[in-house]
Amino acid sequence: MHLARFPRIFLAHLPTPLERLDRLTKELGGPEIWIKRDDCTGLSTGGNKTRKLEFLMAEAEAMGADMVMTQGATQSNHARQTAAFASKLGMKCHVLLEDRTGYQDHNYNDNGNVLLDHLHGATTEKFPGGHDMPGEMEKAAEAARKNGNVVYVIPGGGSNATGALGYANCAMELLNQVNERGLVVDHLVHATGSSGTQAGLVVGLKALNANIPLLGFGTRAPQEKQEQMVYDLAVKTAEKIGCPGVVARQDVRADTNYVGEGYGLPREDTIEAIRMFAELEGILLDPVYSGKGAAGLIDYCRKGKFKKGERVVFLHTGGAAGLFAYDTVLARDTTQMAAE
Ligand SMILES: *Cc1c(COP(=O)(O)O)cnc(C)c1O
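None of these values were measured; they are calculated from a predicted model.

Analysis parameters
Residues numbered from 1 in each chain as written. Predicted model: local features only at pLDDT ≥ 70, side-chain atom pairs only at ≥ 80, totals over all residues. Heavy atoms only, no water. Near = heavy atom within 4 Å. Polar contact = N/O pair within 3.5 Å; in protein donor to acceptor, adjacent residues only side chain to side chain. Areas by Shrake-Rupley, 256 points an atom, 1.4 Å probe, with all protein chains shown as cover. pLDDT = per-residue confidence, 0-100. Helix = DSSP H or I, 4+ residues; strand = E, 2+ residues; numbered from the N terminus.

**Regarding the site of the ligand**
Right, so step 1: Of all residues adjacent to the ligand, which total 17 residues, the nearest are K49, K52, S194, T197 and T317.
Right, so step 2: A distance of 2.9 Å separates an oxygen atom of the ligand from a polar atom in the side chain of K49.
Right, so step 3: Between the ligand and S194 there is a distance of 2.5 Å, counted from an oxygen atom to a side-chain nitrogen or oxygen.
Right, so step 4: Surface burial for the ligand is 98%, taken as the share of its 380 Å² of free accessible area covered by protein chains.

Right, dumping it as structure tokens:
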């Protein structure tokens, strides 16, 4: 894996820390739990999209783009990190936001990530749920080109083979960290969505022959669809980095039992996970992704699927900026607090 062959703009704060979660480990009484802090990548409150954008934005710059365009859900962390990266490079940024939750309240629609998109100077355009977002983006890009802009279009979540390079790199970074510290890792888990994170990780882990099983906890699609999406992108990413065929279909595993009602709709176990990380470890998760991933992790520990004597690494993909959009869901009932 020779990633220096690909254009990259070094902007993320790397390597991200790898820390042991002593109090969560003790509370659950199972495996030793570690966290890889990709919530600390440094760009506009951080998150996993920054690693992908290092490669994507380098391509944009190489083609002489003066504008980037992308799409996501209203509270897209990807949109926020893209807007921030574009600011740094002096590019315009336009994002198309899809309403995937139906939440009507002010904070969901204008606070959190949306507030930050606008602070970074991005323009936003809203669409109802179920819209053909890639199609809309192509139309918007065409219109901007007619106005004389050189537009670089980034797919939702930054998930293509270029973006996934960022997570092949993360696999290498993590493997170096655990090797240097003498830590044997039995499981690596994280929240999976548009698939670039898991695809990049699985390619990196397999190309390095790390022998660390990877599991994505789903946040949107059903299992078969999620795994196929990750696998398809992993195949393309492996070809791009010169290791075709390195990932087998059975290397791609997703558990989608923690999604609940749908994308962006937290359930009780999502909120419990957010509270546990906040109260036991002082770490902020989010209601859309990392909270669902952590709910899966916690349940696996409780059910003995991850065992005492094993070591699990939870990749924290970020998202805390979205907490402020979910205040109505997260606000703790004060009568309940008094009773506790
Ligand atoms: C986008 C995102 C994910 C999912 O990553 P994908 O590469 O889209 O699968 C997980 N966590 C957070 C906080 C995200 O913003």
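This is not the end of the story, as more comes after the structure.
**Regarding the confidence of the model for the chain**
As a note on interpretation, predicted positions should not be read in detail where pLDDT is low.
Right, so step 1: Looking at the chain, the pLDDT average stands at 96 and 97% of residues meet or exceed 70.
Right, so step 2: At the low end of the mean pLDDT range in the chain sits helix 13 (residues 334-339), at 50; at the high end sits strand 2 (residues 32-37), at 99.

**Some words on unusual backbone geometry**
Right, so step 1: Residue P15 is reached from L14 by a cis peptide bond, and omega for that bond is -5°.
Right, so step 2: Looking at the element boundaries, P15 is found in the segment before strand 1 (18-20).
Right, so step 3: If you check the backbone angles, S195 has positive phi at about 95° while not being a glycine.
Right, so step 4: Tracing the sequence through the fold places S195 in the loop between strand 7 (187-192) and helix 8 (196-207).
Right, so step 5: Even without glycine at this site, N209 takes up a positive phi of about 55°.
Right, so step 6: The residue N209 is located in the loop between helix 8 and strand 8 (214-218) in this model.

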